[in-house]
Amino acid sequence: MSEPRNSNLDRLAVVLATGLGVGFVPWAPGTFGSLWGIALYWLIAKWTLPIVITVALPFIMLGIPICTRAARVLGKYDPGSVVYDEISAFWIVYLPTLAFSTKPHNWTVAIAGFVLFRFFDILKFWPCRRLEELPDGLGIMSDDLAAGVYAGVILFLVAQSI
């Protein structure tokens, strides 16, 4: 069954899914969308773990319907302009370091998380490529969240020596 069209919800989904329009950058939109991750890091680095988890879970879960709707509006499965999935992954990338690191948070950790995520997102190690095959927003989000797990584990290990 097809969902009803609502131009306001469609516009909102596209605005959110494209990272407030950053996803429309003509080259490397995923990389530009991922820059929101560094901003997110500086925001959440000041929060306690329960607050991070309380905000992260709904943010990530809302990504599934947001990305589904935006992809349908844009007429493609997983359009490059949809970067909500990259943004969402940074909750996962920085969570282990924020939760368990004894090292202070700094620009080096923020940038290392960005670079590690882009590495794993672009190369799509198992099971990332396979997760992309899941339907709609679940597939759009899942591969990036898995790349975020890889990046988060490595970042945590690297952050101990930074």
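Residues numbered from 1 in each chain as written. Predicted model: local features only at pLDDT ≥ 70, side-chain atom pairs only at ≥ 80, totals over all residues. Heavy atoms only, no water.

1. What to know about the pattern of salt bridges
Pairing of side chains with opposite charge becomes possible as their charged atoms draw close.
Phase 1 of the analysis: Under the criterion given, the structure shown has eight salt bridges.
Phase 2 of the analysis: Among the ionic pairs, D136 bridges to R72, the shortest N-O distance being 3.1 Å. Of the two residues, D136 is situated in helix α7 (residues 136-159) and R72 in helix α3 (residues 49-74); the sequence distance between them amounts to 64 residues.
Phase 3 of the analysis: A salt bridge links R130 to E133, with the shortest nitrogen-to-oxygen separation between them at 4.0 Å. Taken individually, R130 and E133 each receive the classification exposed, so the pair is uniform in this respect.
Phase 4 of the analysis: Among the ionic contacts, a cluster of salt bridges with common partners joins R118, D121, K124, R129, E132 and D143. (Salt bridge = Lys/Arg side-chain N within 4 Å of Asp/Glu carboxyl O. Helix = DSSP H or I, 4+ residues; strand = E, 2+ residues; numbered from the N terminus. Buried < 20%, exposed > 50% of the residue type's maximum accessible area, 1.4 Å probe, protein only.)

2. Observations concerning the state of the cysteines
Phase 1 of the analysis: Enumeration according to the criterion identifies zero disulfides in this entry.
Phase 2 of the analysis: Cysteine C67 remains unbridged, with the sulfur of C128 as its closest cysteine sulfur at 16 Å.
Phase 3 of the analysis: We classify C128 as buried; its relative accessible area is 0%. (Disulfide = S-S within 2.5 Å.)

3. A look at helix α1 (residues 7-17)
Phase 1 of the analysis: Every buried residue of α1 is accounted for by D10, A13, V14 and A17. For α1, the angular spread of the buried residues around the axis is 95 degrees, confining them to a single face. Exposed residues on α1 whose side chains face more than 90 degrees from its buried face are N8 and R11.
Phase 2 of the analysis: Packed against the buried residues of α1 are α3 and α4 (84-100).
Phase 3 of the analysis: Immediately beyond the C-terminal end of α1, within one or two residues, lies G19, with a positive phi of roughly 60 degrees. (Arc of directions from axis to C-beta. Contact = heavy atoms within 4.5 Å.)

4. Details of the packing of α4 against helix α5 (residues 107-123)
How two helices pack is summed up by the angle between their axes together with the distance between the axes.
Phase 1 of the analysis: Direction vectors running N to C along α4 and α5 enclose 125 degrees, while the axes themselves pass 10 Å from each other. Classified by the angle between their axes, α4 and α5 sit oblique to one another. Our pair here, α4 against α5, has a crossing hand that is right-handed. For the pair α4 and α5, the contacting residues are E86, A89, F90, V93, Y94 and T97 in the first and V109, A110, G113, F114, F117, R118 and D121 in the second.
Phase 2 of the analysis: A breakdown of the residues in the contact of α4 with α5 according to their chemical character gives eight nonpolar, two polar and three charged. (Axes fitted to C-alpha atoms, helices over the stretch in contact; angles between N-to-C directions. Parallel < 35°, antiparallel > 145°, perpendicular 65-115°, else oblique. Left-handed = near helix turned anticlockwise from the far one by under 90°. Nonpolar A, V, L, I, M, F, W, Y, C, P; charged D, E, K, R; others polar.)

5. Structural notes on the packing of α4 against α7
Phase 1 of the analysis: Two numbers describe how α4 lies on α7: the axes approach to 7 Å, and their chain directions differ by 30 degrees. For the element pair α4 / α7, the angle class is roughly parallel. The element α4 and its partner α7 pack so that their crossing is right-handed. From α4, Y84, D85, E86, S88, A89, I92, V93, Y94, P96, T97 and F100 reach across to α7, where they touch I140, M141, D144, L145, G148, V149, A151, G152, L155, F156 and A159.
Phase 2 of the analysis: Looking at the contact of α4 with α7, its residues break down into 15 nonpolar, four polar and three charged.

6. Section: the packing of aromatic side chains
Phase 1 of the analysis: Under the definition given, this model contains 13 aromatic pairs.
Phase 2 of the analysis: Judged by centre distance (5.0 Å) and plane angle (55 degrees), the ring pair of W42 and W107 falls under tilted. Residue W42 is found in helix α2 (residues 29-44), and its partner W107 is found in helix α5; the two are separated by 65 residues along the sequence.
Phase 3 of the analysis: Exposure remark for W107: the relative accessible area of 53% places this residue in the exposed category.
Phase 4 of the analysis: For the ring pair F59 and Y84, a centre distance of 4.9 Å and an interplane angle of 10 degrees mean the geometry is stacked. (Phe/Tyr/Trp six-rings, centres within 6.5 Å; stacked < 30°, edge-to-face > 60°.)

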